[in-house]
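Read off the chains here:
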Amino acid sequence: GAGVSQTPSNKVTEKGKYVELRCDPISGHTALYWYRQSLGQGPEFLIYFQGTGAADDSGLPNDRFFAVRPEGSVSTLKIQRTERGDSAVYLCASSLTSSRGTGELFFGEGSRLTVL
Amino acid sequence: AQSVTQLDSHVSVSEGTPVLLRCNYSSSYSPSLFWYVQHPNKGLQLLLKYTSAATLVKGINGFEAEFKKSETSFHLTKPSAHMSDAAEYFCVVSEGGYQKVTFGTGTKLQVIP
């Protein structure tokens, strides 16, 4: 597609359940980012992929959060044993990496997760 | 380590008056700097970016920003606010070949008719 696609756009789940959020980046973009945006806050970095590997996962809040990008394109953010505090909009962005690191991020519309 | 500070969480201006949204950054390397806008219930959209070319950068919708290394600032301005400019604005810093990207906490712009 033309832009970054995220599914589902909305997800309501119960505390303790497992959730997967999907991101389909712009074709050819090797860099992929996950951010979390809570109400009234700026996007908070979670994890960054360069190709298939997680180059930086320092933003993942705890071991309930995990993300994969097995073929260097689509990425899935996985949240185990969800808690009410996980409720947020999860944003995915992709970027065409340049050697100077000046790539513009292209964002998807986000996946809004509500944990009841 | 890199960081970005947006000095105002809320800014309110009258339609037709100038807009100033302030941003200061900290970076160990020569940074790239961006401003993104987020309208309610919409995705983030790039307004403009600085990547060490001209220090005065022009973006979409009449916005511009000036990179001032001596002040470590990258303030966003617009000569005349429109109602459609009401949104949240994020200053973003990116550094190095690693491309770690850090967002500021955002500034909500209110435009009063």
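Refer to the structure above for everything that follows.
Report on the accompanying structure. (Residues numbered from 1 in each chain as written. Chains lettered and ligands numbered in written order. Predicted model: local features only at pLDDT ≥ 70, side-chain atom pairs only at ≥ 80, totals over all residues. Heavy atoms only, no water.)

Looking now at the overall build of chain A. Assigned secondary structure in chain A consists of 0 helices and 11 strands. Each helix (α) and strand (β) of chain A, taken in turn from the N terminus, gives the series β-β-β-β-β-β-β-β-β-β-β. Here the C-alpha radius of gyration of chain A, 13 Å, is about what a compact globule of 116 residues would show, namely 13 Å. Seen through its principal axes, chain A has C-alpha atoms that stretch 40 × 25 × 25 Å. A buried classification covers 47% of the 116 residues belonging to chain A. Of all intrachain contacts in chain A linking residues separated by at least 6 positions in sequence, the fraction that spans at least 24 positions is 53%. For chain A, the accessible surface area stands at approximately 5,500 Å², while carbon and sulfur atoms represent 47% of it. Put simply, chain A has 12 plus and 12 minus side-chain charges, and the middle of one group is 5 Å from the middle of the other. (Helix = DSSP H or I, 4+ residues; strand = E, 2+ residues; numbered from the N terminus. Rg over C-alpha atoms; globule rule 2.2 N^0.38 Å. Buried < 20%, exposed > 50% of the residue type's maximum accessible area, 1.4 Å probe, protein only. Contact = heavy atoms within 4.5 Å. Areas by Shrake-Rupley, 256 points an atom, 1.4 Å probe, with all protein chains shown as cover. Lys, Arg positive; Asp, Glu negative; His and termini not counted. Charge placed at Lys NZ, Arg CZ, Asp CG, Glu CD.)

Residues and elements named next belong to chain A. Looking at where Asp86 falls in the secondary structure, it is placed in the loop between strand E8 (75–79) and strand E9 (88–95). In this structure Asp86 comes out as buried when scored by relative accessible area, which is 3%. In this structure the side chain of Asp86 is engaged in a polar contact, spanning 2.8 Å, whose partner is the backbone nitrogen of Glu83. When near neighbours in sequence (up to four residues on either side) are disregarded, Asp86 contacts Arg36, Arg64, Phe65, Ile79, Leu113 and Val115. (Polar contact = N/O pair within 3.5 Å; in protein donor to acceptor, adjacent residues only side chain to side chain.)

A few words on the nonpolar core. Within the largest apolar cluster, 26 residues are counted, with the highest numbers of intra-cluster contacts made by B:Trp35, B:Leu48, B:Leu76 and B:Tyr89. The element contributing the most residues to this core is strand E10 (residues 87–95) of chain B, with 4 residues. Core analysis: the second largest hydrophobic core is formed by 20 residues, A:Trp34, A:Ala67, A:Leu77 and A:Ala88 among them. (Core = buried A, V, L, I, M, F, W, Y, C linked by side-chain atoms within 4.5 Å.)

Residues and elements named next belong to chain A. Going through the model one piece at a time under the given rule, you end up with 2 disulfides over all chains. The disulfide partner of Cys23 is Cys92, and the S-S distance across this bridge is 1.8 Å. The S-S bond linking Cys23 to Cys92 shows a torsion near -70°; that makes this disulfide left-handed. Taken together, the residues span a long stretch of sequence, with Cys23 in strand E3 (residues 19–24) and Cys92 in strand E9 at a distance of 69 residues. Taken as a pair, Cys23 and Cys92 share a single burial class, namely buried. (Disulfide = S-S within 2.5 Å.)

Moving on, we come to the packing of aromatic side chains. Scanning the model with the defined rule gives 14 aromatic pairs over all chains in all. Relative to B:Phe103, the ring of A:Phe107 lies with its centre 5.8 Å away and its plane at 75°, an arrangement referred to as edge-to-face. Pair noted here: A:Phe107 is in strand E10 (residues 106–107) and B:Phe103 is in strand E11 (residues 100–103), and the two residues belong to different chains. No difference in accessibility class separates A:Phe107 from B:Phe103, as the two residues are buried. (Phe/Tyr/Trp six-rings, centres within 6.5 Å; stacked < 30°, edge-to-face > 60°.)

Residue and element names in this part refer to chain A. Pairing within the open sheet is antiparallel, and its 4 strands lie in the order E1-E3-E8-E7. Of all strands in the sheet, those bounded by a partner on one side alone are strand E1 (5–7) and strand E7 (65–68). Neighbour-to-neighbour, the strand axes of this sheet turn through a mean angle of 15°, independent of strand direction. With 4 bridges joining them, E7 and E8 adopt antiparallel strand pairing. (Pairing = 2+ DSSP bridges. Axes fitted to C-alpha atoms, helices over the stretch in contact; angles between N-to-C directions.)

Keep in mind these numbers describe shape, not what the thing actually does.
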